[in-house]
Amino acid sequence: DPEGDIKLTPGRNPDIQEATLTIGGEEKLRFALAYGFRNIQNTMRKLKRNRNPYHYVELMACPAGCANGGGQLKSEAKKPRELAAELQQKYYKELRIRQPEDTPMVKAFRTLASRFEKGDDLVSTSFRDVSKKEEDSEIAGLTETW
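Residues numbered from 1 in each chain as written. Predicted model: local features only at pLDDT ≥ 70, side-chain atom pairs only at ≥ 80, totals over all residues. Heavy atoms only, no water.

S.K.: Looking at this structure, how should I read the pattern of salt bridges?
M.R.: If charged atoms from side chains of opposite charge come close, those side chains can pair. If you walk through the whole model with that rule in mind, you get three salt bridges. The partner of Glu18 in a salt bridge is Arg30, and the shortest N-O contact between them spans 3.1 Å. Linking Glu18 in strand E2 (residues 16-23) with Arg30 in strand E3 (residues 26-35), this pair joins segments that are 12 residues apart in sequence. The salt bridge partner of Lys28 is Glu26, with a shortest N-O separation of 3.7 Å. With a relative accessible area of 39%, Lys28 lands in the partly exposed category. (Salt bridge = Lys/Arg side-chain N within 4 Å of Asp/Glu carboxyl O. Helix = DSSP H or I, 4+ residues; strand = E, 2+ residues; numbered from the N terminus. Buried < 20%, exposed > 50% of the residue type's maximum accessible area, 1.4 Å probe, protein only.)

S.K.: How should the environment of Asp15 be read in this particular structure?
M.R.: Within the secondary structure, Asp15 is located in the loop between strand E1 (5-10) and E2. Leaving out residues up to four positions away in the same chain, Asp15 has contacts with Leu33, Ala34, Tyr35, Asn39, Pro63 and Ala64. (Contact = heavy atoms within 4.5 Å.)

S.K.: Would you explain the packing of aromatic side chains in this entry?
M.R.: Here the distance between the centres and the angle between the planes together describe a pair of aromatic rings. According to the stated counting rule, one finds one aromatic pair in the structure shown. Where Phe31 meets Tyr56, the ring centres are 6.2 Å apart and the plane angle is 65 degrees; that geometry is what we call edge-to-face. Of this pair, Phe31 sits in strand E3 while Tyr56 is found in strand E4 (residues 56-60), placing the two residues 25 residues apart along the sequence. Residue Phe31 is classed as partly exposed on the basis of its relative accessible area, which comes to 22%. Residue classification places Tyr56 among the partly exposed residues on the basis of a relative accessible area of 46%. (Phe/Tyr/Trp six-rings, centres within 6.5 Å; stacked < 30°, edge-to-face > 60°.)

S.K.: Explain the side chain of Asn39 here, please?
M.R.: Assignment of secondary structure puts Asn39 in helix H1 (residues 37-48). Residue class for Asn39 comes out buried when judged on its relative accessible area of 8%. Apart from residues lying up to four places away in sequence, Asn39 is in contact with Asn13, Asp15, Ile16 and Ala34.

S.K.: Mind showing me how you'd approach the pairing of E1 here?
M.R.: Along a regular strand, successive side chains alternate from one face of the sheet to the other. The buried fraction of E1 is low, at zero of six residues. Two strands pair when backbone bridges link them, and E1 and E2 are joined in this way by six bridges, in the antiparallel orientation. Looking at E2, one finds that Ile6 is bridged to Leu21. Here E1 folds back onto E2, and the loop between the two strands holds five residues. (Pairing = 2+ DSSP bridges.)

S.K.: Would you explain H1 in this entry?
M.R.: Counting along an α-helix, one turn takes 3.6 residues, and residues three or four places apart therefore face a common direction. Here H1 is 12 residues long and its end C-alpha atoms lie 16 Å apart, about the 16 Å a rise of 1.5 Å per residue gives. Within the sequence span of H1, burial applies to Asn39, Ile40, Thr43 and Lys46. Down the axis of H1, the buried side of the element spans an arc of 125 degrees, and every buried residue falls inside it. Of the residues in H1, the exposed ones pointing more than 90 degrees away from the buried face are Phe37, Arg38 and Lys48. If you follow the buried residues of H1, they end up packed against E2, E3 and E4. Where H1 terminates, the next one or two residues include Asn50, which has phi positive at roughly 60 degrees. (Expected span 1.5 Å × (residues − 1). Arc of directions from axis to C-beta.)

Geometry only, nothing functional implied.
Here it is, written out as structure tokens:
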């Protein structure tokens, strides 16, 4: 097993990277990782012009790579759905729960809206039950079932 160094070089944005494998001071392999359509197009243009030739190119249409796609680590112990569910549970367990009106963004918006006449109407909403069919009403179309 020869030992080498892998150097990861970020591109112009976080969705494009180059990696090189160097063994004994000599570059052995060159990789490109491009996520998102714009980065894919730019990488393909480079390849067509024979600029920066790579030994391996990973392209994914999703920005930041596709969830559970080729660029993701696979778990041999768990199926992808189980792993995703476990990670989601951990995320939600650590998530701080608060009322929407307690968020900094809503507080700032309410402060701004309070400077205007009827400003509270801009940041408030109301609920109207449309579950009963009202034949001659403007909301009759909203209650149709298909």
